[in-house]
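Residues per chain are reported as follows:
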Amino acid sequence: MRNSWRIGKIMGIDIAIDASWFIIAFLLVYTLGFLQFPQDLHPRSFFARADAVSIALGVAACLLLFGSVLAHELSHSWMAIQRGIPVTRITLFIFGGVAEIAAEPDRAATEFLIAIMGPLMSLALAAVFGAAWLWLRVVDSAQFLGVSLTPLILLSSLLAQVNGQLALFNLAPGFPLDGGRVFRAIVWGATHDIRRATRWASRAGQLIALILVGIGAWLFLTDLNIGGIWFALIGFFLWNAAGEGYRQTDLLETLRGVTVGQLMTRTVETVSPNLTLTEFVDQHLLPKRDQTFAVSSDSDFEGLIGIDHVRRVPRPQWNMQRVRDAMTPRAAMETLSPDQPAAVAMTKLSSTDATELPVIEAGRLAGFLGRAELSRFLRLKPESKRA
Ligand SMILES: [Zn+2]
């Protein structure tokens, strides 16, 4: 996610907040602190106003809710790390949280364990907050503390309920929800066919998405219930994620056993780092078919240059600036090696926004692998069914 801020690091995983999170945080603090809690704290008053207690409670509830979401994602991540899959980042956003687990599990059992941990954590939190709620109520009714525990009772009740709902919603058997991943792992384990398992689980995911949109539309149209919009939005989000998840798995399966070396192009046009940009444009960029050029002197690969690099330099400076000044230096580049799996290239391409990546062999630039090469390969594979 692009507009996100790092707020810390837990178990070596960066924790980030996406810009969209502030929308939900604001909505939560407002509805809880200014509408819901004033009513709950002063049930006898006809028009309860927000006060310092209700607002503080709203803020606390918002932070604890996202703490709960974070705990859910951290437990997925913990299991992923236990099973040898690194986790780069957890991002909190408007619909909850997402852990960026570096690779898809290669075994059904791993998938099952990673997926089940989140809902288990949410269930455990629901139980803990539920127990706290019961205990606080007992202590409060005995009245030996002399202060009202109502705010804490409200808080623990809300957190118990939301964590319970989080566990139940995530256990719905639609991919890519946790329950859908559990479902996929079971079908995968039974049939040894990850593609079929993913197809079933993502169809289930899209069915659940349709039901959510249906419920949302019904709530909104019959009741003018604004919450309906929320259901519909989550439904749309899930629909896209289910389709995307299936395509991703299908691609990875098609690329199984294929290496970077088999797909890369091996024509490399080389330019000298000492050319001015004007010379580079006139002698290479305009007349030649290749659009990315290796910059090298004495066969040492120094970097890459293409049309985008030139465009970043104002035209009057093209005579002064040299290729070396405008290129992306090798040190700042994601690179591939020919013996890496092609699936790795796909993951790197989608995480860097680059259209192609340089392939380095024995310290020299051997060629390129980009989206064009990948899609050419996929077009030549008729047995892979596109959905
Ligand atoms: Zn989860």
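None of these values were measured; they are calculated from a predicted model.

Novice: Any chance you could explain the packing of helix H2 (residues 52-82) against helix H4 (residues 150-170) here in plain terms?
Specialist: Between two packed helices, the angle of one axis relative to the other and the distance separating the axes together describe the packing. Running from amino to carboxyl end, H2 crosses H4 at an angle of 30 degrees, the nearest separation of the two axes being 10 Å. Taken together, H2 and H4 sit at an angle that is classed as roughly parallel. Considering only the axes of H2 and H4, their crossing is right-handed. Counting all contacts with H2, which are made through Val-53, Leu-57, Ala-60, Ala-61, Leu-64, Leu-65, Ser-68, Val-69 and His-72, the residues of H4 involved are Pro-151, Leu-154, Leu-155, Leu-158, Leu-159, Val-162, Asn-163, Leu-166 and Asn-170. In terms of residue class, the contact of H2 with H4 is built from 14 nonpolar, four polar and no charged.

Novice: I tried to follow the pattern of salt bridges on my own but got confused; where do I start?
Specialist: Any two side chains of opposite charge can pair, given that their charged atoms come close. In this structure the tally under the stated criterion is eleven salt bridges. For Lys-9, the salt bridge identified is with Asp-14, shortest N-O distance 3.7 Å. Classification of Lys-9 by relative accessible area gives exposed; the value is 52%. Residue Asp-14 is classed as buried on the basis of its relative accessible area of 19%. Lys-348 serves as the salt-bridge partner of Glu-334, at 3.4 Å between the closest nitrogen and oxygen. Separated by 14 residues along the polypeptide, Glu-334 in the loop between strand E8 (328-329) and helix H12 (342-352) and Lys-348 in helix H12 bring together distant segments of the chain. A relative accessible area of 35% means that Glu-334 is categorised as partly exposed. In the salt-bridge network here, residues are joined through shared partners; they are Arg-6, Lys-9 and Asp-14.

Novice: Looking at this structure, how should I read the domain arrangement of the protein chain?
Specialist: Interface size is commonly expressed as the accessible surface area that is lost when the partners come together. Considered domain by domain, the protein chain is made up of domain 1 (4-171), domain 2 (187-254) and domain 3 (260-379). Put simply, the middle of domain 1 and the middle of domain 2, counted by C-alpha atoms, are 23 Å apart. Contact with domain 1, which involves eleven residues of that partner, is made by eight residues of domain 2. Across the domain 1/domain 2 interface, buried area totals approximately 760 Å², and carbon plus sulfur atoms make up 91% of it. Summed over the three residues of domain 1 that lose the most area to domain 2, namely Phe-95, Ala-108 and Phe-169, the buried surface amounts to 58% of that side.

Novice: Explanation requested: the packing of aromatic side chains in the structure shown.
Specialist: We describe a pair of aromatic rings using the distance from one ring centre to the other and the angle between the two ring planes. The final tally for this structure, using the stated rule, is seven aromatic pairs. Arranged with centres 5.8 Å apart and planes meeting at 20 degrees, the rings of Tyr-30 and Phe-34 form a pair that is stacked. With Tyr-30 and Phe-34 both in helix H1 (residues 21-41), this residue pair falls four residues apart, about one helical turn. Note on Phe-280 and Phe-293: the rings are 5.3 Å apart at their centroids and 90 degrees apart in plane angle, and the pair reads as edge-to-face. On the criterion of sequence distance, the pair formed by Phe-280 in helix H9 (residues 277-285) and Phe-293 in strand E6 (residues 292-297) is long-range, its members being 13 residues apart. Judged on exposure class, the residue Phe-280 and its partner Phe-293 are both buried. Every member of this aromatic cluster is reached through a ring pair, and the members are Trp-5, Trp-21, Phe-22 and Phe-66.

Novice: When you look at the pairing of E6 in this model, what are you seeing that I'm missing?
Specialist: Successive residues of a regular strand alternate their side chains across the two faces of the sheet. Where burial is concerned, most of E6 is hidden: five out of the six residues are buried. The pairing of strand E5 (residues 270-271) with E6 spans two bridges and is parallel. Looking at the pairing, Val-271 lines up with Val-295 of E6. Viewed along the sheet, the connection from E5 through H9 into E6 turns out right-handed. When E6 meets strand E7 (residues 300-306), the two strands line up antiparallel, connected through six bridges. From the neighbouring strand, Thr-292 faces E7, where its bridge partner is Gly-306. Here E6 hands over to E7 after two residues, with Asp-298 in that stretch at a positive phi of 50 degrees.

Novice: I tried to follow the layout of surface pockets on my own but got confused; where do I start?
Specialist: With a probe scaled to a water molecule rolled over the atoms, the places where space remains empty come into view. Of the pockets and cavities examined, the second largest pocket occupies roughly 460 Å³. Forming the boundary of the second largest pocket are 21 residues, of which Leu-304, His-309, Thr-328, Ala-354 and Glu-356 lie nearest the centre. Looking at the lining of the second largest pocket, the elements with two or more residues in it are E7, helix H10 (307-311) and strand E9 (356-361). For the lining of the second largest pocket, the residue count by class is nine nonpolar, seven polar and five charged.

Novice: For this particular structure, what's the right way to read the sheet that holds strand E4 (residues 96-101)?
Specialist: The four strands lie next to each other as E1-E2-E3-E4, forming an open sheet whose pairing is mixed. Only two strands of the sheet have a single neighbouring strand rather than two, namely strand E1 (4-10) and E4. In this sheet, neighbouring strand axes are inclined to one another by 25 degrees on average, regardless of whether the strands run parallel or antiparallel. Looking at chain direction, E1 and strand E2 (residues 13-18) are connected through six bridges and run antiparallel. Along E2, the bridge assignment pairs Gly-8 with Ile-15.

Novice: Can you walk me through the nonpolar core in this structure?
Specialist: Side chains of nonpolar character tend, in soluble globular proteins, to be buried together. If you look at the biggest cluster of nonpolar residues, it comprises 26 residues, and the most contacted ones within it are Trp-21, Leu-28, Phe-37 and Phe-66. Listing elements by their share of this core, those giving two or more residues are H1, H2, strand E3 (87-93), helix H3 (108-142) and H4. Among the elements that line this core, the one with the most residues is H1, at eight residues. Discounting residues that sit within four places of it in the chain, Phe-66 has contacts with Trp-21, Ile-24, Leu-28, Leu-92, Phe-93 and Gly-96. Among the nonpolar cores identified, the runner-up in size contains 19 residues, and Leu-252, Ala-343, Leu-369 and Leu-378 belong to it.

Conventions used here
Residues numbered from 1 in each chain as written. Predicted model: local features only at pLDDT ≥ 70, side-chain atom pairs only at ≥ 80, totals over all residues. Heavy atoms only, no water. Axes fitted to C-alpha atoms, helices over the stretch in contact; angles between N-to-C directions. Helix = DSSP H or I, 4+ residues; strand = E, 2+ residues; numbered from the N terminus. Parallel < 35°, antiparallel > 145°, perpendicular 65-115°, else oblique. Left-handed = near helix turned anticlockwise from the far one by under 90°. Contact = heavy atoms within 4.5 Å. Nonpolar A, V, L, I, M, F, W, Y, C, P; charged D, E, K, R; others polar. Salt bridge = Lys/Arg side-chain N within 4 Å of Asp/Glu carboxyl O. Buried < 20%, exposed > 50% of the residue type's maximum accessible area, 1.4 Å probe, protein only. Domains from an automatic or database assignment. Buried area = accessible area lost by both parts, 1.4 Å probe. Phe/Tyr/Trp six-rings, centres within 6.5 Å; stacked < 30°, edge-to-face > 60°. Pairing = 2+ DSSP bridges. Right-handed = clockwise from strand over helix to strand, strands pointing away. 1 Å grid on protein atoms, 1.4 Å probe; cavity = no way out; pocket = protein on both sides within 12 Å on 5 of 7 lines; lining within 4 Å. Points joined across faces, edges and corners; volume = space filled by probe spheres on them. Core = buried A, V, L, I, M, F, W, Y, C linked by side-chain atoms within 4.5 Å.

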